[in-house]
Amino acid sequence: MSALKEKLEADLSAAMKARDEVRTRTLRMVLTSVRTEEVSGDKARELTDDEITKVLTREAKKRREAADAFAKAGRTEQAEAERAEHEVLTGYLPAQLTDEELTALVAAAIAETGASGPRAMGQVMKVVNPKVAGRAEGSRVAAEVKRQLTA
């Protein structure tokens, strides 16, 4: 079993003992997503820490988007619940890149590929994405690549 999955399960037990409803609910949900991912496809398999991080990132993004939607609809109670779950999930994700770090990574990838103009965006994204690996949201990376290629 991966170290991250073990940590999630241990933290779930601790949250249940502490009667922390938000943490318990969030960890149950993410572990269910991990298990679903493990059994999807041709045959069941164990997920690696990187794959579990991708699941966590996807779930955190869902929570953030749901919180925004609830806030726009004036449903502040549900928005706060989604934000609380998002906070729990971000505690398990790698530290996010700062704008400066992201700018530097994208600039290095552009220099490495020799790309110029917006048509080369895919080429640059192929180089940047493995380096970013869960430390920045894809839309944020794409926006920075686009900004630098059109400047």
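What counts and what doesn't
Residues numbered from 1 in each chain as written. Predicted model: local features only at pLDDT ≥ 70, side-chain atom pairs only at ≥ 80, totals over all residues. Heavy atoms only, no water. Helix = DSSP H or I, 4+ residues; strand = E, 2+ residues; numbered from the N terminus. Buried < 20%, exposed > 50% of the residue type's maximum accessible area, 1.4 Å probe, protein only. Contact = heavy atoms within 4.5 Å. Areas by Shrake-Rupley, 256 points an atom, 1.4 Å probe, with all protein chains shown as cover. Lys, Arg positive; Asp, Glu negative; His and termini not counted. Charge placed at Lys NZ, Arg CZ, Asp CG, Glu CD. Expected span 1.5 Å × (residues − 1). Axes fitted to C-alpha atoms, helices over the stretch in contact; angles between N-to-C directions. Parallel < 35°, antiparallel > 145°, perpendicular 65-115°, else oblique. Left-handed = near helix turned anticlockwise from the far one by under 90°. Nonpolar A, V, L, I, M, F, W, Y, C, P; charged D, E, K, R; others polar. Salt bridge = Lys/Arg side-chain N within 4 Å of Asp/Glu carboxyl O. Domains from an automatic or database assignment.

Points about the overall build of the protein
- For the protein, the count of helices and strands is seven helices and zero strands.
- The helix and strand sequence of the protein, counted from the amino end, reads α-α-α-α-α-α-α.
- In terms of principal-axis extent, the alpha carbons of the protein reach across some 55 × 45 × 30 Å.
- Every one of the 151 residues in the protein was classed for burial, and the buried ones make up 34%.
- The contacts of the protein with a sequence gap of at least 6 include a subset with a gap of at least 24, amounting to 60%.
- Of the roughly 9,200 Å² of accessible surface on the protein, 53% is carried by carbon and sulfur atoms.
- Taken as two groups, the 26 positive and 26 negative side-chain charges of the protein have centres that lie 3 Å from each other.

Some words on helix H4 (residues 76-90)
- The first and last C-alpha atoms of H4 sit 21 Å apart over 15 residues, in line with the 21 Å expected at 1.5 Å per residue.
- Every buried residue of H4 is accounted for by Ala79, Glu82, Glu85, His86, Val88 and Leu89.
- Residues of H4 that are buried in the fold lie against helix H2 (21-39) and helix H3 (49-72).

Things to note about the packing of helix H1 (residues 3-17) against H2
- Relative to each other, H1 and H2 sit at 150 degrees, their axes nearing to 9 Å. Taken together, H1 and H2 sit at an angle that is classed as roughly antiparallel. Considering only the axes of H1 and H2, their crossing is left-handed. On H2, the residues touching Lys5, Leu8, Glu9, Asp11, Leu12, Ala15 and Met16 of H1 are Arg23, Thr24, Leu27, Arg28, Val30, Leu31, Val34, Arg35 and Glu38.
- Of the residues contributing to the contact of H1 with H2, the split by class is eight nonpolar, one polar and seven charged.

Overview of the pattern of salt bridges
- Going through the model one piece at a time under the given rule, you end up with 16 salt bridges.
- Here Arg63 makes a salt bridge to Glu82, at a shortest N to O gap of 3.8 Å. Taken as a pair, Arg63 in helix H3 and Glu82 in helix H4 lie far apart in primary sequence, 19 residues in all.
- Taking the relative accessible area as the measure of exposure, Glu82 reaches 16% and is therefore buried.
- Among the ionic pairs, Glu80 bridges to Arg83, the shortest N-O distance being 2.9 Å.

Some remarks on the domain arrangement of the protein
- Under the domain assignment, the protein is made up of domain 1 (3-91) and domain 2 (99-150).
- For domain 1 and domain 2, the distance between their C-alpha centroids amounts to 28 Å.

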